[in-house]
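Each chain, letter by letter, is given below.
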Amino acid sequence: AMLWAHRVRWLLLLLVYYVILVSIDVVPWVGAFVAPLLKPVFAVGFLAAAWSQERGEPPAIAHLFRGFRANLAALLPLGVVLVAGMTGAVVATSWVDGGKVLEVLSGTTRPDEALLRRGDVQGAMLFGALCALPVLLALWFAPALVVFQNCGAVRALGTSLRAAMANWRPILVYGLLLFFYGVVLPAAAAALIA
């Protein structure tokens, strides 16, 4: 309902967010690490926009940068956890497929249909997703806890993980919908186009 009430503003906010992240990400050597570090900081911007909208103020681009004026000292470690956790999950895929997913992600191997159909590569991707899940759950509510509850990074991560595990049903539904709209539908569309 909040999105529908100000859909253009919310979409503009999302567009600016992605433009900023892509602009940072293309910076050689550091962009790939700095962009994920800032994701929790920008998440606070979306929370600030929603909080302001609940109080009668429409979402604005300025809200996106509120995380930089919030508890930045606790938000940046959340980004470090995100980078370390996702890196660990990607590296863990090599235990299953001997490093094929790592080769694709590093750009040393071009992904082709035969590679993506291999059972060990598919198993590695699933294993990597399972390894990333605890990190994602720990980060689920953490930015909000840092800003709205004045939690430190460690406490926010622990509380977020416990809360996400307690609310596993809605998170599962969200994950399934994300998989359907982000993987199944695009794959079906690509198959139809091909």
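(A) Local environment of the pattern of salt bridges. Using the criterion set out here, one finds two salt bridges in the structure. Across the salt bridge formed by Arg55 and Glu54, the nearest N and O atoms sit 3.3 Å from each other. The same class applies to Arg55 as to Glu54, namely exposed. Of the charged contacts in the structure, one is a salt bridge between Asp120 and Arg118, with a shortest N-O distance of 2.6 Å. Classification of Asp120 as partly exposed rests on a relative accessible area of 25%.

(B) The confidence of the model for the protein, seen in detail. Scored by pLDDT, the protein has a mean of 90; 100% of the residues are at 70 or more. No element of the protein has a lower mean pLDDT than helix 7 (residues 113-117), at 76, and none a higher one than helix 10 (residues 153-166), at 95.

(C) Seen up close, the environment of Gln149. Relative to the helices and strands, Gln149 resides in the loop between helix 9 (142-148) and helix 10. Residue class for Gln149 comes out exposed when judged on its relative accessible area of 55%. Once the C-alpha coordinates of Gln149 and Ala89 are considered, the two residues, 60 residues apart in sequence, prove to be 29 Å apart.

(D) Just helix 10, in detail. Its 14 residues place the ends of helix 10 20 Å apart at the C-alpha level, agreeing with the 20 Å of an ideal helix rising 1.5 Å per residue. Looking at the packing, one finds that the buried side of helix 10 touches helix 4 (72-92), helix 8 (119-140), helix 9 and helix 11 (168-193).

(E) Fine view of the side chain of Ser160. For Ser160, the location among the structural elements is in helix 10. Note on Ser160: relative accessible area 0%, which makes it buried. A polar side-chain atom of Ser160 sits 2.9 Å from the main-chain carbonyl oxygen of Leu137. Not counting residues within four places of it along the chain, the set of residues in contact with Ser160 comprises Leu137, Ala138, Leu139, Trp140, Phe141, Ala142 and Leu145.

(F) Examining the packing of aromatic side chains more closely. With the rule as written, the count across this model stands at eight aromatic pairs. Ring centres 5.5 Å apart and planes at 75° place the aromatic pair Phe42 and Phe68 in the edge-to-face group. Pair noted here: Phe42 is in helix 3 (residues 31-54) and Phe68 is in the loop between helix 3 and helix 4, with a separation of 26 residues, a long-range link. For Phe42, a relative accessible area of 2% translates into the label buried. Look at Phe68 and you get partly exposed, because its relative accessible area is 34%. Consider the rings of Phe180 and Tyr181, whose centres lie 5.1 Å apart with planes at 80°: the pair is edge-to-face. Assessed through its relative accessible area of 55%, Tyr181 is described here as exposed. Through a chain of ring-to-ring contacts, the aromatic side chains of Tyr17, Tyr18, Phe42, Phe46, Phe65 and Phe68 assemble into a single cluster. Lying across the ring of Trp4, Arg7 places its NZ or CZ 4.0 Å from the centre.

(G) Layout of the nonpolar core. One finds Phe42, Leu64 and Leu78 to be the most contacted residues of the largest nonpolar core, which totals 28 residues. For this core, the secondary-structure elements that each account for two or more residues are helix 2 (7-25), helix 3, helix 4, helix 8, helix 9 and helix 10. Among the elements that make up this core, the one with the highest residue count is helix 3 (seven residues). Apart from residues lying up to four places away in sequence, Phe42 is in contact with Tyr17, Ile20, Leu21, Leu64, Phe65 and Phe68.

Cut-offs and rules
- Residues numbered from 1 in each chain as written.
- Predicted model: local features only at pLDDT ≥ 70, side-chain atom pairs only at ≥ 80, totals over all residues.
- Heavy atoms only, no water.
- Salt bridge = Lys/Arg side-chain N within 4 Å of Asp/Glu carboxyl O.
- Buried < 20%, exposed > 50% of the residue type's maximum accessible area, 1.4 Å probe, protein only.
- pLDDT = per-residue confidence, 0-100.
- Helix = DSSP H or I, 4+ residues; strand = E, 2+ residues; numbered from the N terminus.
- Expected span 1.5 Å × (residues − 1).
- Contact = heavy atoms within 4.5 Å.
- Polar contact = N/O pair within 3.5 Å; in protein donor to acceptor, adjacent residues only side chain to side chain.
- Phe/Tyr/Trp six-rings, centres within 6.5 Å; stacked < 30°, edge-to-face > 60°.
- Lys NZ or Arg CZ within 6 Å of the ring centre and 35° of its normal.
- Core = buried A, V, L, I, M, F, W, Y, C linked by side-chain atoms within 4.5 Å.

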